[in-house]
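# Overview (structure and organization)
One letter stands for each residue in the lines below.
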Amino acid sequence: MLTLQINDTETKMYNLQEIRKEFPILQREVYGKPLIYLDNAATTQKPLCVIEAITEAYTNVNANVHRGVHFLSQKATEQYEEARETIRHFINARHSNEVIFTRGTTESINLVAASFGDTFLQKNDEVIISTMEHHSNIVPWQLLAERIGIKLRVIPLTADAALDKESYTTLFNEHTRLVSITHTSNVMGVTNPVKEFIDIAHARNIPVLIDAAQSIPHKKVDVQQLDADFLVFSGHKIYGPTGIGVLYGKQQMLEKMKPYQGGGEMIQTVRFEKTTFNELPYKFEAGTPDYVGAIALARAIDFVNTIGIEEIAKHEQQLTRYALEQMNRIPNMRIFGKPDGSAISFLVGDIHPADLGTLLDRLGIAIRTGHHCAQPLIDHFGIPGTVRASFAMYNTIEEVDTLIAGITRVVKMFA
Ligand code: PMP
């Protein structure tokens, strides 16, 4: 259990050193240098309580969920369902049966594309996405387009790389059936005003899916306040384990949708003549779920709640502002979009992003380079890729200083 007092309630101090102690990997070195982990948009590091939750679950309560009358199975089921309740509370869903456990953002979007697609869409129907989507919010819709002949409409960007709201409103027509857009860009670290985009769609009776993979670790996400019809995220980007994620869907929508996969647990009765399906959320959780992953994800959410998502957001915004200030002093620095607290994508002069990334790695700095699974956005900028530094609750101002010093050093080498 987490016993750490991370926030001093009297002084309201963000106790960064105490937080860092919870993440064992942050103590390691790479190439003889202290690890500076700035690849958090790809995946976050795991606190001890999450690592322990996995060991604890396998040590003390491991048994397949939902199917057993025996003690262990009931314990595992209890903890799995408590995990669902933790997630429900965290995103403020109305009912826990609106929380479906999946493998992650990618599977959640594929589930909606397949199931919403099979239930509601036909040839020539249209789905609106945007230029700044991750491939996992593009390709599932393209696969559906190949299968049943739907069409994709794409929201363009403004000159400063924000979603173009005016163009968005012109994309709707009598064929529009769904809008599926990202909350925060994984490339630019820009958060979109998705509530406005949802309201515009709802005024036309069109449901909206929000890809919250990059927003959920960095800000309060409230599905009822947003009035999102679907919202998806991955556990591993919010300090939880890999292989577990969430699909939130409004109950009345999920109830109408056909199952995604067939198998155990998602059925009520199976006869060779006809099978009837289980109620929510189990209708969408075929087979043995990753109950240990779900339990450990709930532990990660408890950890985030202990610190406070607003406190984390404030800290990360401070790091971002400071990093931007320092970066803007480096000649020929080009920053993409208007980052607001999770990630910064940049290029310096004509240094190839892979060269910059490789040299920074030698200094112990883990950043990501390339297209970040958002090739249409990279094409939009007409560049080979970017270098991306992305932040988490445990990063420090000193780490940003080391990053800036590292970039400056590489720039000098190329001069
Ligand atoms: N959407 C966004 C915005 C992302 O950043 C990512 C992960 N980079 C994904 C979707 C896919 O997440 P996962 O690989 O965990 O399924």
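For the structure itself, look to the data block above.
Residues numbered from 1 in each chain as written. Predicted model: local features only at pLDDT ≥ 70, side-chain atom pairs only at ≥ 80, totals over all residues. Heavy atoms only, no water.

## A closer look at the overall build of the protein
The line we're drawing: Numbering of helices and strands starts at the N terminus; helices are DSSP runs of H or I of at least 4 residues and strands are runs of E of at least 2. Every radius of gyration here is taken over C-alpha atoms, with the globule rule written as 2.2 Å times N^0.38, N being the number of residues. Think of it in three bands: residues with accessible area under 20% of the maximum for their type are buried, residues over 50% are exposed, and the middle band is partly exposed, with areas taken using a 1.4 Å probe on protein chains only. It only takes one pair of heavy atoms within 4.5 Å for two residues to be counted as in contact. For the purpose of counting charges, residues Lys and Arg are taken to be positive, whereas Asp and Glu are taken to be negative. His and the chain ends are not included. By convention, the charge on Lys lies at NZ, on Arg at CZ, on Asp at CG and on Glu at CD.
Scanning the protein from terminus to terminus reveals 14 helices and 19 strands. In summary, the protein has a C-alpha radius of gyration of 22 Å against a globular reference of 22 Å for 415 residues, a match within 12%. For the protein, with 415 residues in total, the buried portion stands at 55%. Sequence separation of 24 or more characterises 71% of the internal contacts of the protein that already satisfy a separation of 6 or more. Put simply, the protein has 40 plus and 48 minus side-chain charges, and the middle of one group is 3 Å from the middle of the other.

## Considering the packing of helix α11 (residues 309-327) against helix α14 (residues 397-414)
The criterion, for reference: A fitted line through C-alpha atoms serves as each axis, taken over the contacting stretch for helices, and the angle formed by two N-to-C directions is quoted from 0 to 180°. An angle below 35 degrees is treated as roughly parallel, one above 145 as roughly antiparallel, one from 65 to 115 as roughly perpendicular, and anything else as oblique. Note on convention: the crossing is left-handed when the near helix lies turned anticlockwise from the far helix by less than a right angle, right-handed when the turn is clockwise.
Between α11 and α14, the least distance of the axes is 10 Å, while the angle of their chain directions is 25°. Between α11 and α14, the crossing angle belongs to the class labelled roughly parallel. For the element pair α11 and α14, the recorded crossing hand is right-handed. Contacts between α11 and α14 involve L319, Y322, A323, Q326 and M327 from the first element and I397, V400, D401, L403, I404 and I407 from the second.

## Structural notes on the site of the ligand
Rule in force here: When we say a residue is near a molecule or strand, we mean one of its heavy atoms is within 4 Å of it. Two N or O atoms count as a polar contact when they lie within 3.5 Å, although within protein this holds only if one can serve as hydrogen donor and the other as acceptor, and sequence-adjacent residues are included solely when both atoms are side-chain atoms. The Shrake-Rupley method, run with a 1.4 Å probe sphere, supplies the accessible areas, and residue values consider only the shown protein chains as cover. A pocket here means an open set of points on a 1 Å grid, computed over the protein atoms alone, that has protein on both sides within 12 Å along at least five of seven lines. A cavity is instead a set of points where a 1.4 Å probe fits but cannot get out; residues with an atom within 4 Å of a point line either one. For this analysis, a molecule is said to be in a pocket or cavity if more than half of its atoms are within 2 Å of the grid points defining it. Three categories are distinguished: nonpolar for Ala, Val, Leu, Ile, Met, Phe, Trp, Tyr, Cys and Pro, charged for Asp, Glu, Lys and Arg, and polar for the others, with Gly belonging to the last.
Around the ligand, a shell composed of T105, T106, H134, S136, T182, N186, D211, A213, Q214, S234, H236 and K237 is seen. For the ligand, a nitrogen atom lies 2.6 Å from a polar atom in the side chain of D211. Between the ligand and S234, the relevant distance is 2.7 Å, taken from an oxygen atom to a side-chain nitrogen or oxygen of the residue. If the ligand stood free it would expose 400 Å²; the protein chains cover 84% of that surface. Spatially, the ligand is embedded in the largest pocket. Within the shell around the ligand, the residues separate by chemical class into one nonpolar, nine polar and two charged.

## Some remarks on the pairing of strand β16 (residues 343-348)
Inclusion rule: For two strands to be treated as a pair, DSSP must find at least two bridges joining them.
Within β16, six of the six residues are buried, which leaves it mostly tucked inside the rest of the structure. Judged by which residues are buried, β16 turns out to be covered on both faces: A343, S345 and L347 on one side and I344, F346 and V348 on the other are all buried. Both strand β15 (residues 333-335) and β16 contribute to a ladder of three bridges, which runs antiparallel. Pairing of I335 across the sheet is with F346, part of β16. Pairing analysis gives four bridges linking β16 to strand β19 (residues 386-390), with the strands arranged antiparallel. What sits directly across from I344, in β19, is A389.

## A few points about the layout of surface pockets
Quick reminder of the rule: Grid points are joined across faces, edges and corners, and a volume is the space filled by probe spheres set on the points. Reported domain spans reflect what an automatic or database domain assignment gives.
In this structure, the largest pocket encloses a volume near 430 Å³. Lining the largest pocket are 25 residues, and of these T106, H134, S234, H236 and K237 lie nearest its centre. The element contributing the most residues to the lining of the largest pocket is helix α4 (residues 105-120), with three residues. Class assignment for the residues of the lining of the largest pocket results in five nonpolar, 14 polar and six charged. If you count residues domain by domain, the lining of the largest pocket takes at least three from each of domain 1 (4-46 + 308-414) and domain 2 (51-305).

## Comments concerning the packing of helix α3 (residues 71-91) against helix α10 (residues 291-307)
The contact between α3 and α10 brings their axes to 8 Å, and the two run at 40°. Between α3 and α10, the interaxial angle falls into the category oblique. In this structure, α3 meets α10 at a crossing whose hand is left-handed. For the pair α3 and α10, contact is made by A76, Q79, Y80, A83, T86, I87 and F90 and by Y291, A294, I295, L297, A298, I301, D302, V304 and N305, respectively. Split by residue class, the contact of α3 with α10 holds twelve nonpolar, three polar and one charged.

## With respect to the nonpolar core
Put simply, the test is: Take the buried Ala, Val, Leu, Ile, Met, Phe, Trp, Tyr and Cys residues and link them wherever side-chain atoms come within 4.5 Å; each set so joined is a nonpolar core.
Ranked by size, the top nonpolar core spans 81 residues in total, and within it L231 and M393 carry the most contacts. A per-element tally of this core places α10 first, with eleven residues. Two domains each put at least three residues into this core: domain 1 (4-46 + 308-414) and domain 2 (51-305). Apart from residues no more than four positions distant in its own chain, L231 is found in contact with I210, A212, V221, V223, L226, V246, L247 and Y248.

## Overview of the environment of I200
Note on placement: I200 falls in helix α7 (residues 194-202). C-alpha separation for the pair I200 and F172, spaced 28 residues apart in sequence, amounts to 9.8 Å. Look past the residues within four positions of I200 in its chain and what remains in contact with it is K165, Y168, T169 and F172.

## With respect to the packing of aromatic side chains
Going by this rule: Here a pair means two rings of Phe, Tyr or Trp (six-membered ring of Trp) with centres within 6.5 Å. Their orientation is stacked below 30 degrees between planes, edge-to-face above 60, and tilted elsewhere. We count a charge as sitting over a ring when the NZ of a lysine or the CZ of an arginine lies within 6 Å of the ring centre and within 35 degrees of the ring normal.
Counted under the stated rule, the structure contains ten aromatic pairs. With a centroid separation of 4.9 Å and an interplanar angle of 55°, the aromatic rings of F116 and F120 are classed as tilted. Here F120 and F116 lie together in helix α4, a separation of four residues that amounts to about one turn. Relative to F230, the ring of F116 lies with its centre 6.0 Å away and its plane at 90°, an arrangement referred to as edge-to-face. A residue pair is termed long-range when its members are at least 10 positions apart, and F116 in helix α4 and F230 in strand β11 (residues 230-234) qualify at 114 residues. When its relative accessible area of 3% is taken as the criterion, F116 is described as buried. Given the relative accessible area of 0%, F230 is considered buried. Three or more aromatic residues link up through ring pairs in this structure, and these residues are F23, Y239, F303 and Y394. Between K220 and the ring centre of F90, over which it is positioned, the NZ or CZ distance is 5.6 Å.

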